[in-house]
Amino acid sequence: MPSQGTVLVTGGAGFIGSHTCVALLDAGWAVVVLDNLSNSSAVAVERVEELSPGDLTFHRVDLRDRAAVGAVVDERPIDAVIHFAGLKAVGESVVDPLRYYSNNVVATVTLLEVLREREIRDVVFSSSCTVYGDPANVPVAESAPLSAASPYGRSKLFIEEIFRDLAAAEPGWRVLLLRYFNPVGAHQSGRIGEDPHDVPNNLMPFVMQVAVGRRDRLTVFGGDYPTPDGTCIRDYIHVEDVAAGHVAALDALDRIEGCQAVNLGTGTGSSVLEVVQAASKAVGADIPFVIGARRPGDVVATWADPSLAEELLGWKANRTLDDMCADHWRWQSTNPDGYR
Ligand code: NAD
Ligand code: UFG
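Residues numbered from 1 in each chain as written. Chains lettered and ligands numbered in written order. Predicted model: local features only at pLDDT ≥ 70, side-chain atom pairs only at ≥ 80, totals over all residues. Heavy atoms only, no water.

I tried to follow the overall build of the protein chain on my own but got confused; where do I start?
Regarding its fold elements, the protein chain presents 11 helices and 13 strands. Here the protein chain has a C-alpha radius of gyration of 19 Å; the compact-globule value for 340 residues is 20 Å, and the two agree. Referenced to the eigenvectors of the C-alpha coordinate spread, the extents of the protein chain come out at roughly 55 × 40 × 40 Å. The buried share of the protein chain, reckoned over its 340 residues, is 55%. (Helix = DSSP H or I, 4+ residues; strand = E, 2+ residues; numbered from the N terminus. Rg over C-alpha atoms; globule rule 2.2 N^0.38 Å. Buried < 20%, exposed > 50% of the residue type's maximum accessible area, 1.4 Å probe, protein only.)

Rendered as structure tokens:
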């Protein structure tokens, strides 16, 4: 397939990054991965190459190392950048905010300075529905008020503001801020997936580690919320749909001007108990759980209005919660210890 161009993927060894690299290679892009492997494994990159042989190069580089980032960008002409690299553990960000501001915000400024020097101005950035804080209305549209409840969330909000300021100050930048809801699942092959290094903070990896016998049972954080079954509601989206959203976003950069935020969600909410039920079906066994205390800071219910993504990117999610659970389980059951 003829090359669409070359895309620099920061954080390309990570969960969403690795799936996106497969989708990009499948679509005919040449891919340059830049990752310091602080939360990922080089094996993920090897498996990306196995799933979609193509033009991929990998550089183990920290984004804050300006000279090293410049050297990567100077190695070959870069047409666009997808910027995934960052830390994402909400609790850790509360304990060590400077690490988050350095690794997420400072690193992004460094990247943008390197890009500006070389007149590379097409960027797709990994934002999050966390920038909506506790939304007053659902489904949440991009025009909803923005706020943040943790240093992690603020790092995303600051980076969004930096992009908005930059695009307003300098013509030529074309930036899509993709606000992901809750990416879960794994590549359908079961070869790549999410591999949390510590105890998972997120629901689906925890559920699947219970299913595979690495943990005894799930604690459901709160069963007395004002929702139909008393548990919180989220918009879970298959990581392969998220990956496809990035390919669509790159294609859409030609059609936008300045900086534009776009939700990546399905438009449907599922409760914690609905996820446990779907996971049990995929696994073929009950997932043991207990109802515990609420987790401080949890939003009660949020799901996306995904209509702008369809309008602007021509993209919509099409995989179901059952698909997410089946694919996540295929990955977890064939790689019980992740990439180790
Ligand atoms: P991940 O941790 O699997 O991937 C992030 C990657 O970035 C890792 O490979 C890590 O090694 C790399 N990295 C981190 N800091 C770096 C640095 N300074 N220099 C170079 N590489 C660095 O996480 P993910 O789930 O794939 O998330 C990707 C992006 O999407 C993150 O920015 C995250 O905040 C955002 N996001 C994720 C979710 C989610 O639920 N997974 C939701 C919303 C937004
Ligand atoms: N949950 C449990 N037990 C667990 C883990 C999670 O009951 O062991 C519940 C949570 O309380 C929540 C739901 O499952 O109701 C989903 O939790 P996740 O941690 O998977 O997802 P969140 O929506 O809470 O977190 C996401 C992103 C973060 C982001 C945050 C902002 O993962 O990056 O949204 O709200 F910051």
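Got a minute to help me understand the state of the cysteines in this structure?
Two cysteines whose sulfur atoms are joined by a covalent bond form what is called a disulfide. Inspection of the entire model under this criterion finds 0 disulfides. Here cysteine 129 stays free of any disulfide, with the sulfur of cysteine 232 as its closest cysteine sulfur at 12 Å. In this structure cysteine 129 comes out as buried when scored by relative accessible area, which is 13%. (Disulfide = S-S within 2.5 Å.)

I keep staring at the site of ligand 2 and nothing clicks. Help me out?
In the vicinity of ligand 2, 17 residues are found, and the nearest of them are Thr219, Phe221, Arg234, Arg295 and Asp298. At 2.9 Å from an oxygen atom of ligand 2 is found a side-chain nitrogen or oxygen belonging to asparagine 182. Leucine 203 has a polar backbone atom sitting 2.8 Å from an oxygen atom of ligand 2. Ranked by residue count, the leading element in the shell around ligand 2 is strand 8 (residues 218-221), at 4 residues. A breakdown of the residues in the shell around ligand 2 according to their chemical character gives 9 nonpolar, 5 polar and 3 charged. (Near = heavy atom within 4 Å. Polar contact = N/O pair within 3.5 Å; in protein donor to acceptor, adjacent residues only side chain to side chain. Nonpolar A, V, L, I, M, F, W, Y, C, P; charged D, E, K, R; others polar.)

Help me understand the environment of valine 105, please; the structure alone is not making it clear to me.
Mapped onto the elements of the fold, valine 105 is located in helix 5 (residues 97-117). For valine 105, a relative accessible area of 12% puts it in the buried group. Along the backbone, valine 105 and glutamate 257 are 152 residues apart, and their C-alpha atoms lie at a distance of 23 Å. Discounting residues that sit within four places of it in the chain, valine 105 has contacts with Tyr100, Ser155, Phe158, Ile159 and Ile162. (Contact = heavy atoms within 4.5 Å.)

It is not clear to me how the side chain of glutamate 160 should be interpreted in this structure. Could you clarify?
With respect to the secondary-structure elements, glutamate 160 resides in helix 6 (residues 151-169). Excluding residues within four positions of it along the chain, glutamate 160 makes contact with Ser127, Val131, Leu146, Leu177 and Arg179.

Would you mind showing me how to read the sheet that holds strand 5 (residues 122-128) here?
Backbone hydrogen bonds are what pair the strands of a sheet, in a parallel or an antiparallel way. Reading across from one edge, 3-2-1-4-5-6-11 is the order of the 7 strands in this open sheet, with parallel pairing throughout. Pairing within the sheet leaves two strands with one partner each, and these edge strands are strand 3 (56-60) and strand 11 (258-264). The mean inter-strand angle of the sheet, taken between neighbouring strand axes irrespective of direction, is 20°. Where strand 4 (residues 80-83) lies against strand 5, 3 bridges are found, and the strand directions are parallel. Looking across to strand 5, one finds that valine 81 is bridged to valine 123. Sitting on the sheet, helix 1 (residues 15-26) is in contact with strand 1 (6-10), strand 2 (30-35), strand 3, strand 4 and strand 6 (174-180), with an inclination near 165° to strand 2. (Pairing = 2+ DSSP bridges. Axes fitted to C-alpha atoms, helices over the stretch in contact; angles between N-to-C directions.)

What is the right way to look at the packing of helix 3 (residues 66-75) against helix 5 in this model?
A packed helix pair is summarised by two numbers, namely the angle formed by the two axes and the spacing between the axes. Running from N to C, helix 3 and helix 5 cross one another at 45°; their axes reach a closest spacing of 10 Å. Regarding the angle of helix 3 to helix 5, the classification is oblique. Judged by the twist between their axes, the crossing of helix 3 over helix 5 is right-handed. Taken together, the residues of helix 5 that come into contact with helix 3 (itself represented by Arg66, Val69, Gly70 and Val73) are Thr110, Leu111, Glu113 and Val114. Its residues assigned to classes, the contact of helix 3 with helix 5 shows 4 nonpolar, 2 polar and 2 charged. (Parallel < 35°, antiparallel > 145°, perpendicular 65-115°, else oblique. Left-handed = near helix turned anticlockwise from the far one by under 90°.)

What is the right way to look at the pattern of salt bridges in this model?
Where charged atoms from two side chains of opposite charge come close, those side chains can pair. A full pass over the atoms with the stated rule returns 21 salt bridges. Linked by salt bridges that have partners in common, Glu160, Glu161, Arg164 and Arg179 make up one network. (Salt bridge = Lys/Arg side-chain N within 4 Å of Asp/Glu carboxyl O.)

So what exactly am I meant to see when it comes to the nonpolar core here?
One recurring pattern in soluble globular proteins: nonpolar side chains tend to sit buried together. Grouped together as the largest cluster of nonpolar side chains are 47 residues, with contacts concentrated most on Leu24, Val31, Leu176, Leu178, Leu250 and Leu313. If one sorts the elements of this core by residue count, helix 8 (residues 239-252) sits on top with 8 residues. Leaving out residues up to four positions away in the same chain, valine 31 has contacts with Val7, Val9, Cys21, Leu24, Leu25, Asp55, Leu56 and Thr57. Counting residues in each nonpolar core, the second largest holds 27 residues, with Leu111, Val114, Ile159 and Phe163 among its members. (Core = buried A, V, L, I, M, F, W, Y, C linked by side-chain atoms within 4.5 Å.)

Honestly, the site of ligand 1 in this entry has me stumped. Any pointers?
Inspection of the region around ligand 1 gives 27 residues, with Asp35, Asn39, Ser40, Phe84 and Lys88 positioned closest. Interatomic distance of 2.8 Å between a side-chain N/O atom of tyrosine 152 and an oxygen atom of ligand 1. Out of a free accessible area of 810 Å², ligand 1 has 96% covered by protein chains. The element contributing the most residues to the shell around ligand 1 is strand 5, with 3 residues. The residue makeup of the shell around ligand 1, split by class, is 12 nonpolar, 11 polar and 4 charged. (Areas by Shrake-Rupley, 256 points an atom, 1.4 Å probe, with all protein chains shown as cover.)

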